[in-house]
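Read off the chains here:
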Amino acid sequence: MSPVSGAASPGSITVNGSGFLNATAVTFGAIGAGTGLTVLNDSQLSVTAPAHGAFTGCLDTVDITVTTPGGTSTTSVSDQFVYYNAPAVTGISPTSGAEGINVTVTGTCFDSVSDVTFTPTGGGASISASSFTPISETQLVAVVPAGLTASATYDIQVVTPGGTSPAVAGDVFTAA
């Protein structure tokens, strides 16, 4: 399937398999049935995944099953879809500094981090950290990038398959 993971409301998913011509439903584990089922051919269909709802953790892996008049597909490791909860930043240390320093970022749901950005608090283009090192699901270290304006403030935001952490008071960094 494509994609194999996404945010709490992942949108359209393409499922590959066989015997799909008369498919009547696609179910995402206990989350529920998909909507907008479109059979593309006997081996491929498209469906809008249901929104996850409340998470008890940072990610949830579910089996996708396809129902036809002949029955429901069996589950396997190849039918799994991973819902990711959105990350959140709760604090940074230090809260100010110059290019090249390490900033420890704490928060939640730092699973599969793809980027850490410094976004001007008044709006504007984000600048990716020079590098970042995940420590755990709740902590990472980001290196302050070049190009920040001295004395300006930036929201440090974490990007994962679950989305981008919202800007909060605890993520504000002042460039030196």
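For the structure, see preceding data.
Residues numbered from 1 in each chain as written. Predicted model: local features only at pLDDT ≥ 70, side-chain atom pairs only at ≥ 80, totals over all residues. Heavy atoms only, no water.

Caption draft 1: Examining the sheet that holds strand 5 (residues 35-41) more closely. Spatial strand order, 2-6-5: 3 strands in an open sheet with antiparallel pairing. The open sheet is flanked by strand 2 (12-16) and strand 5, the only strands paired with a single partner. For this sheet, the mean inter-axis angle between neighbouring strands, taken without regard to orientation, is 20 degrees. Pairing geometry for strand 2 and strand 6 (residues 44-48), over 5 bridges, is antiparallel. Looking across to strand 6, one finds that V15 is bridged to L45. (Pairing = 2+ DSSP bridges. Helix = DSSP H or I, 4+ residues; strand = E, 2+ residues; numbered from the N terminus. Axes fitted to C-alpha atoms, helices over the stretch in contact; angles between N-to-C directions.)

Caption draft 2: Region of interest: the pairing of strand 7 (residues 59-68). The sheet contact formed by strand 3 (residues 25-28) and strand 7 spans 4 bridges and is antiparallel. If you follow T27 over to strand 7, its bridge partner there is T65. Of the pairings in the sheet, the one linking strand 7 to strand 9 (residues 80-84) comprises 5 bridges and is antiparallel in character. Counted as the bridge partner of D60 is Y83 from strand 9. Sheet topology places strand 7 next to strand 8 (residues 71-72); 2 bridges connect them, and they run antiparallel. Residue pairing in the sheet places T67 in a bridge with T72 of strand 8.

Caption draft 3: Summary view of the sheet that holds strand 15 (residues 131-136). With antiparallel pairing, the 4 strands of this open sheet are ordered in space as 10-12-16-15. The sheet terminates laterally at strand 10 (88-93) and strand 15, the two strands that pair on one side only. Taking each pair of neighbouring strands and ignoring which way they run, the sheet shows an average axis angle of 25 degrees. Pairing of strand 12 (residues 102-108) with strand 16 (residues 139-143), which is carried by 5 bridges, proceeds in the antiparallel orientation.

Caption draft 4: Structural detail: the state of the cysteines. Inspection of the entire model under this criterion finds 1 disulfide. A disulfide bridge connects C58 with C109, and the sulfur atoms are separated by 2.3 Å. Between C58 and C109, the S-S torsion sits near -80 degrees, and that sign places the bridge as left-handed. Here C58 is found in the loop between strand 6 and strand 7, whereas its partner C109 is found in the loop between strand 12 and strand 13 (115-120), with 51 residues between them in sequence. For C58, a relative accessible area of 10% corresponds to the buried category. Among the residues examined, C109 registers a relative accessible area of 6% and is labelled buried. (Disulfide = S-S within 2.5 Å. Buried < 20%, exposed > 50% of the residue type's maximum accessible area, 1.4 Å probe, protein only.)

Caption draft 5: Quick look at the side chain of T119. With respect to the helices and strands, T119 occurs in strand 13. In contact with T119, not counting residues within four places along its chain, are G124, S126, T153, Y154, D155 and Q157. (Contact = heavy atoms within 4.5 Å.)

Caption draft 6: Looking closely at the nonpolar core. Of all hydrophobic cores here, the largest spans 18 residues; its most connected members are V105, F118, L140, I156 and F173. Counting residues per element, the ones that place at least two in this core are strand 10, strand 12, strand 13, strand 16, strand 17 (153-160) and strand 19 (172-175). By residue number, the principal contributor to this core is strand 17, which donates 3 residues. The contact partners of I156, leaving out residues within four places of it in the chain, are V89, I92, V103, V105, V116, T117, F118, S165, D171 and F173. (Core = buried A, V, L, I, M, F, W, Y, C linked by side-chain atoms within 4.5 Å.)

Geometry only, nothing functional implied.
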